[in-house]
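What follows is each chain in one-letter form.
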Amino acid sequence: FLRHFNHTQALKSSSKIFTVTVLFLMAACTSKSPSDQIASMQKRLSKAEKHLEILYNEDFNVLIGKCMALDTVLPLIVENEECLFLMKQYLQQFETTYPIMTDDISYSRQQLSNLGDDINAGIIEAEKVTKYIADEEAALKRLEAQVDYFSERFDEQRKFARRFVK
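Residues numbered from 1 in each chain as written. Predicted model: local features only at pLDDT ≥ 70, side-chain atom pairs only at ≥ 80, totals over all residues. Heavy atoms only, no water.

### Here's the deal with the overall build of the protein chain
Here's step 1: Broken down by element type, the protein chain carries 4 helices and 0 strands.
Here's step 2: Traced from its N-terminal end to its C-terminal end, the protein chain shows the element sequence α-α-α-α.
Here's step 3: Within the protein chain, the proportion of its 166 residues that are buried is 27%.
Here's step 4: Excluding contacts between residues fewer than 6 apart, the proportion of contacts in the protein chain whose partners are at least 24 apart in sequence is 85%.
Here's step 5: A total of about 11,300 Å² of accessible surface is found on the protein chain, and carbon and sulfur atoms cover 59% of it. (Helix = DSSP H or I, 4+ residues; strand = E, 2+ residues; numbered from the N terminus. Buried < 20%, exposed > 50% of the residue type's maximum accessible area, 1.4 Å probe, protein only. Contact = heavy atoms within 4.5 Å. Areas by Shrake-Rupley, 256 points an atom, 1.4 Å probe, with all protein chains shown as cover.)

### Thoughts on the pattern of salt bridges
Here's step 1: Applying the stated rule across the entire model yields 8 salt bridges.
Here's step 2: One salt bridge in this structure joins Lys-141 and Glu-137, with 4.0 Å as the shortest N-O distance. With Lys-141 and Glu-137 both in helix α4 (residues 126–162) and 4 residues apart, the pair spans about one turn of that helix.
Here's step 3: For the salt bridge of Asp-155 with Arg-158, the shortest nitrogen-to-oxygen distance reads 2.0 Å. Taken together, the residues Asp-155 and Arg-158, both in helix α4 and 3 residues apart, mark about one turn of the helix.
Here's step 4: Where salt bridges share partners, they join Arg-44, Glu-137, Lys-141 and Glu-144 into one cluster. (Salt bridge = Lys/Arg side-chain N within 4 Å of Asp/Glu carboxyl O.)

### Brief notes about the confidence of the model for the protein chain
Here's step 1: On average, residues of the protein chain score 83 in pLDDT, and 78% of them reach the 70 mark or higher.
Here's step 2: The lowest-confidence element of the protein chain is helix α1 (residues 2–29), averaging 45 in pLDDT; the highest-confidence one is α4, averaging 94.
Here's step 3: Here residues 1–14 is modelled with pLDDT under 50, and outside its nearest four sequence neighbours on either side it reaches 0 contacts, counting other chains as well.
Here's step 4: Long-range and interchain partners of residues 18–28, a stretch whose pLDDT sits below 50, account for 0 contacts in this model, where long-range means more than four residues apart. (pLDDT = per-residue confidence, 0-100.)

### Re the nonpolar core
Here's step 1: In this structure, Leu-52, Leu-70, Met-87, Leu-91, Phe-94 and Phe-154 are the most contacted members of the largest nonpolar core, which totals 30 residues.
Here's step 2: Listed by contribution, the elements that provide at least two residues to this core are α2 (34–73), α3 (78–121) and α4.
Here's step 3: If you tally residues by element for this core, the top one is α3, at 10 residues. (Core = buried A, V, L, I, M, F, W, Y, C linked by side-chain atoms within 4.5 Å.)

### Topic: the packing of aromatic side chains
Here's step 1: Summed over the entire model, instances satisfying the criterion amount to 10 aromatic pairs.
Here's step 2: In this structure an aromatic cluster arises from ring pairing among Tyr-56, Phe-60, Tyr-90, Phe-94, Tyr-98, Tyr-149, Phe-150 and Phe-154. (Phe/Tyr/Trp six-rings, centres within 6.5 Å; stacked < 30°, edge-to-face > 60°.)

### Description of the side chain of Ser-108
Here's step 1: Tracing the backbone shows Ser-108 in helix α3.
Here's step 2: When its relative accessible area of 8% is taken as the criterion, Ser-108 is described as buried.
Here's step 3: Among all residues touching Ser-108, those that are not within four sequence positions of it are Leu-45, Glu-136 and Ala-139.

Next comes the structure, spelled out in structure tokens:
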């Protein structure tokens with residue numbers, strides 16, 4: 001038992017050293033200045049916005065038309081009915097979520113701009129800068145994940161629709 005206990009303690013110590021090393025390396029890799037971090041997030045936000053607009057203007061509108069065509073042409077096979085139902089659900093979900101996502105983009109754009117201005121004016125403490133940047137990063141990651149989610153779903157739905165409608 002004592003031998004096992006000492007081995008377990010050694011593993012815990014090694015694990016702590018490893019964790020500290022990883023955290024140090026992560027901090028070193030993200031040693032961009034706050035202004036650089038904000039600029040990077042603004043670029044990612046613009047990219048997400050462009051991707052969302054393409055999803056809305058191209059994919060969503062095309063899929064709406066194909067969904068309507070499928071409703072009248074699709075053979076009455078249970079598998080197809082389930083796929084068509086799923087397509088309608090994704091389209092409805094996107095239609096509901098799209099305005100929220102565009103609002104989130106506008107809000108994040110304003111927040112990043114204000115944060116950059118406040119940093120440049122020196123009116124925010126360093127600790128708060130780190131927190132605010134982390135908050136904006138988290139919001140941006142959520143938005144990017146939503147855009148990716150719909151992009152992947154629309155790709156699947158386009159493949160399904162191509163089987164029946166050209």
